[in-house]
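# Descriptive analysis of the structure
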Amino acid sequence: MKRYAKYVEAHQSLVELSKQLAELPSPRSKFFNYLLGLTNLAPNTLKMVLCTTDSGIEPGREVKKLLSKELNVSEQALFPENRQTAGSLVSMYKGFSNKTLEYDEFVKDICTTTKAPRKTVISWIFGRRSPRTHAKKRIAALLGSSLSHLFPEREQTDKAR
C-alpha cells in the first residue's frame, strides 16, 4: 500500500517494519516536545508539570501565560486545582495516544487484510508466530513486498528442516 511505501525497504521483514513504525514519535511525545520547545523548560521539569499526582509542580507565571496564549485556553482551565480536570494541561497530555498512529494503522490494516484478530497479528509482528501462506500473500500484497523479504526467518528455518 502506498501509505507504507516510505517505510518499506527492499529487504525488510515484517518484524523489522513493525519495529520501525513503533519507534516513530507518538502524538504524546510530539506534544511533549512541542511543549519543551515552547517553554524552554528542562525535560524533567516539564515531566513534573505534566505529572498527574499532587506531587507535580506548577510552572512559573510566565510559562503559564505563554501556554495559555499558545494553546488558546485560559490559565485557570490549564492549571486547575485538580490536575486531572478535563481541559487541563495534564488531561490534554494524557489524552494523546502513547502509541504511534502509523503503528496502530499498520496493525489495523493487517487485521483487515487478513481477517485475523489483533492478538494474532501482534504475534506475527513480534515474530512469535508465522502467518499461514494465504495471510502472508495478503500482507505482501498490502505492503508491496515479497514473501521472502517479509518472512525471512521462517522461510529459512523451514528449508533447513
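Above this note sits the structure.
In this report, the structure presented in the accompanying data block is examined. (Residues numbered from 1 in each chain as written. Predicted model: local features only at pLDDT ≥ 70, side-chain atom pairs only at ≥ 80, totals over all residues. Heavy atoms only, no water.)

Helix and strand counts for the chain come out as 11 helices and 0 strands. Pairs at least 24 apart in sequence give 53% of the contacts found in the chain among residues at least 6 apart. As displayed, the chain has an accessible area near 9,800 Å², and 52% of this comes from carbon and sulfur atoms. (Helix = DSSP H or I, 4+ residues; strand = E, 2+ residues; numbered from the N terminus. Contact = heavy atoms within 4.5 Å. Areas by Shrake-Rupley, 256 points an atom, 1.4 Å probe, with all protein chains shown as cover.)

Turning next to the pattern of salt bridges. Taken as a whole and judged by the stated rule, the model has 4 salt bridges. Here E75 ties to R61 by a salt bridge, and the two come within 2.3 Å at their closest N and O atoms. Taken together, the residues span a long stretch of sequence, with E75 in helix α5 (residues 75-78) and R61 in helix α4 (residues 61-71) at a distance of 14 residues. The exposed category is assigned to R61, whose relative accessible area is 51%. Note that R118 is salt-bridged to D104, the shortest N-O span being 3.5 Å. With R118 in helix α8 (residues 118-125) and D104 in helix α7 (residues 101-114), this residue pair connects regions lying 14 residues apart in the sequence. With a relative accessible area of 17%, D104 lands in the buried category. (Salt bridge = Lys/Arg side-chain N within 4 Å of Asp/Glu carboxyl O. Buried < 20%, exposed > 50% of the residue type's maximum accessible area, 1.4 Å probe, protein only.)

Another aspect to go through is the side chain of S123. With respect to the helices and strands, the residue S123 is situated in helix α8. If we ignore the near neighbours within four places in the chain, the residues touching S123 are R128 and R129.

Further remarks concern the packing of aromatic side chains. Per the counting criterion, the structure on display carries 3 aromatic pairs. Ring geometry for F31 and F96: centres 4.8 Å apart, planes at 40 degrees, overall tilted. With a gap of 65 residues between them, F31 in helix α2 (residues 27-39) and F96 in the loop between α6 (89-95) and α7 connect regions that are remote in the sequence. Given the relative accessible area of 32%, F96 is considered partly exposed. Taken together through their ring pairs, the aromatic side chains of F31, Y34 and F96 make up a single cluster. The ring centre of Y93 lies 5.4 Å from the NZ or CZ of R28, which sits over that ring. (Phe/Tyr/Trp six-rings, centres within 6.5 Å; stacked < 30°, edge-to-face > 60°. Lys NZ or Arg CZ within 6 Å of the ring centre and 35° of its normal.)

On to the packing of helix α1 (residues 14-22) against α7. The contact between α1 and α7 brings their axes to 8 Å, and the two run at 145 degrees. Across from L14, L17, S18, L21 and A22 in α1, the residues of α7 making contact are E102, Y103, F106 and I110. Taken together, the residues of the contact of α1 with α7 sort by class into 7 nonpolar, 1 polar and 1 charged. (Axes fitted to C-alpha atoms, helices over the stretch in contact; angles between N-to-C directions. Nonpolar A, V, L, I, M, F, W, Y, C, P; charged D, E, K, R; others polar.)

What follows deals with the nonpolar core. In this structure, L14, F106, I110, V121, W124, I139 and L143 are the most contacted members of the largest nonpolar core, which totals 20 residues. Counting residues per element, the ones that place at least two in this core are α1, α7, α8 and α9 (133-143). The residues contacting V121, other than those within four sequence positions of it, are V107, I110, C111, T114 and A116. Listed in part, the 15 residues of the second largest apolar core include L36, L38, L46 and L50. (Core = buried A, V, L, I, M, F, W, Y, C linked by side-chain atoms within 4.5 Å.)

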